[in-house]
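# Fold and contact review
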Amino acid sequence: MKKLLFLFTVLITAAGFTQNDEAYVDAKVAQKMAELELQQNPEYFFRKDYCDGNIQMFNLPGGKLCTSKSTYYSVYVFWSEDEDVMKLQKFDNCGSFMPISISKKSTLGKLLKDKNALREGEVKPYEGEKIDENAFGNMSVQSCHKEYKFVFGGKPFEKKFKEFDLTNDSKYKNINAEHNNSLELIKMDNIISEMIKNFDENGKFFREN
């Protein structure tokens, strides 16, 4: 075991090693949001994804290794480029990615038109229809989170929820599941998740650094 640890240490030292935490990701995103504010962009927002304790490692351009520090955070910043195009840029513990163009005629673009529904809809916490000390039974629950910050016409607002709040995976039915999944925010969130999955599977995310 000691030999393996020594070999791993030698490899990461030779290749270069980076380890960044949530503050690093937040700083990158804050810089991007500030740029959009200075440009007086009329419409921009981000989605921040993380699951507590999930650690990931990547090979970076130039041969360096990068790993998340305690938890991996991925943030997707969207902004209006012009009347027909939106842009998406990904940030994570290991840096930033090249922006990707998205048509405003897509389903995502259409959902963004109902800004009041996004602002007013609130995700309610998971609540079982009955109280039971063993409500979670033999479940293995991973605490995964989504955080949004929207800026429309210079007016910001935030939304956050746990993925568990949308499910019925406990022993008793989640009485808030139907309400939560009917929200425009969650409909948009599902579309963004599918979009990100497709971009990822088709190799559309290219690191800038």
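Just above sits the structure.
One structure accompanies this document, and this report is about it. (Residues numbered from 1 in each chain as written. Predicted model: local features only at pLDDT ≥ 70, side-chain atom pairs only at ≥ 80, totals over all residues. Heavy atoms only, no water.)

With burial as the criterion, only one face of strand E8 (residues 100–103) is covered, namely that bearing Ile-100 and Ile-102; the residues Ser-101 and Ser-103 on the opposite face remain uncovered. As paired elements, strand E6 (residues 85–92) and E8 share 4 bridges and run antiparallel to each other. Looking at E8, one finds that Val-85 is bridged to Ser-103. (Buried < 20%, exposed > 50% of the residue type's maximum accessible area, 1.4 Å probe, protein only. Helix = DSSP H or I, 4+ residues; strand = E, 2+ residues; numbered from the N terminus. Pairing = 2+ DSSP bridges.)

Secondary-structure assignment places Asn-190 in helix H6 (residues 184–201). Of the residues examined, Asn-190 reaches a relative accessible area of 43% and is grouped as partly exposed. Note: C-alpha distance between Asn-190 and Leu-108 (82 residues apart in sequence) is 9.8 Å.

What follows concerns the side chain of His-145. Mapped onto the secondary structure, His-145 falls in strand E9 (residues 144–152). By relative accessible area, His-145 is classed as buried at 13%. Of the polar contacts made by the side chain of His-145, one reaches the side chain of Asp-52; its length is 3.2 Å. Side-chain polar atoms of His-145 contact the side chain of Ser-143, separated by 3.0 Å. With residues up to four places along the chain from it excluded, the contact list for His-145 reads Lys-48, Asp-49, Tyr-50, Asp-52, Phe-161 and Lys-162. (Polar contact = N/O pair within 3.5 Å; in protein donor to acceptor, adjacent residues only side chain to side chain. Contact = heavy atoms within 4.5 Å.)

One finds Phe-45, Phe-78, Phe-150, Leu-185 and Met-188 to be the most contacted residues of the largest nonpolar core, which totals 28 residues. A per-element tally of this core places H6 first, with 7 residues. Aside from chain neighbours lying at most four places away, what touches Phe-150 is Tyr-44, Phe-45, Leu-118, Lys-155, Pro-156, Phe-157, Lys-159, Leu-185 and Met-188. In this structure, Val-25, Phe-46, Tyr-50 and Trp-79 belong to the second largest nonpolar core, which totals 13 residues. (Core = buried A, V, L, I, M, F, W, Y, C linked by side-chain atoms within 4.5 Å.)

This brings us to the state of the cysteines. Under the defined criterion, the tally for this structure stands at 2 disulfides. For Cys-51, the disulfide goes to Cys-144, at an S-S distance of 2.0 Å. The sign of the 105° torsion about the S-S bond sets the Cys-51-Cys-144 disulfide as right-handed. Residue Cys-51 is located in strand E2 (residues 43–51), and its partner Cys-144 is located in strand E9; the two are separated by 93 residues in the primary sequence. What makes Cys-51 buried here is its relative accessible area of 17%. Owing to a relative accessible area of 7%, Cys-144 belongs among the buried residues under this scheme. With a sulfur-sulfur separation of 2.1 Å, Cys-66 is cross-linked through a disulfide to Cys-94. Taking the sign of the S-S torsion, about -95° here, the bridge from Cys-66 to Cys-94 comes out left-handed. Of this pair, Cys-66 sits in strand E4 (residues 65–68) while Cys-94 sits in the loop between E6 and strand E7 (95–96); the two residues are 28 residues apart in sequence, bridging distant segments of the chain. Take the cysteines of the protein chain that form disulfides and number them in order along the sequence; they join up as 1-4, 2-3. (Disulfide = S-S within 2.5 Å.)

A cluster of acidic residues, Glu-81, Asp-82, Glu-83 and Asp-84, forms a negative patch at the surface. If you trace the backbone, Glu-83 turns up in the loop between strand E5 (73–80) and E6. (Patch = residues over 30% accessible without salt bridge, like charges linked within 9 Å, V, L, I, M, F, W, Y side chains within 5 Å. Areas by Shrake-Rupley, 256 points an atom, 1.4 Å probe, with all protein chains shown as cover. Salt bridge = Lys/Arg side-chain N within 4 Å of Asp/Glu carboxyl O. Lys, Arg positive; Asp, Glu negative; His and termini not counted. Charge placed at Lys NZ, Arg CZ, Asp CG, Glu CD.)

Moving on, we come to the pairing of E2. Extensive coverage of E2 is indicated by the burial of 9 of its 9 residues. Along E2, one buried face is formed by Glu-43, Phe-45, Arg-47, Asp-49 and Cys-51 and the opposite face, lined by Tyr-44, Phe-46, Lys-48 and Tyr-50, is buried too. Direction of pairing for E2 relative to E9: antiparallel, over a ladder of 9 bridges. Along E9, the bridge assignment pairs Arg-47 with Tyr-148. Strand direction decides the pairing type here: E2 and E5, joined by 7 bridges, are antiparallel. Looking at E5, one finds that Arg-47 is bridged to Tyr-76.

Function cannot be read off these values alone, since they describe shape.
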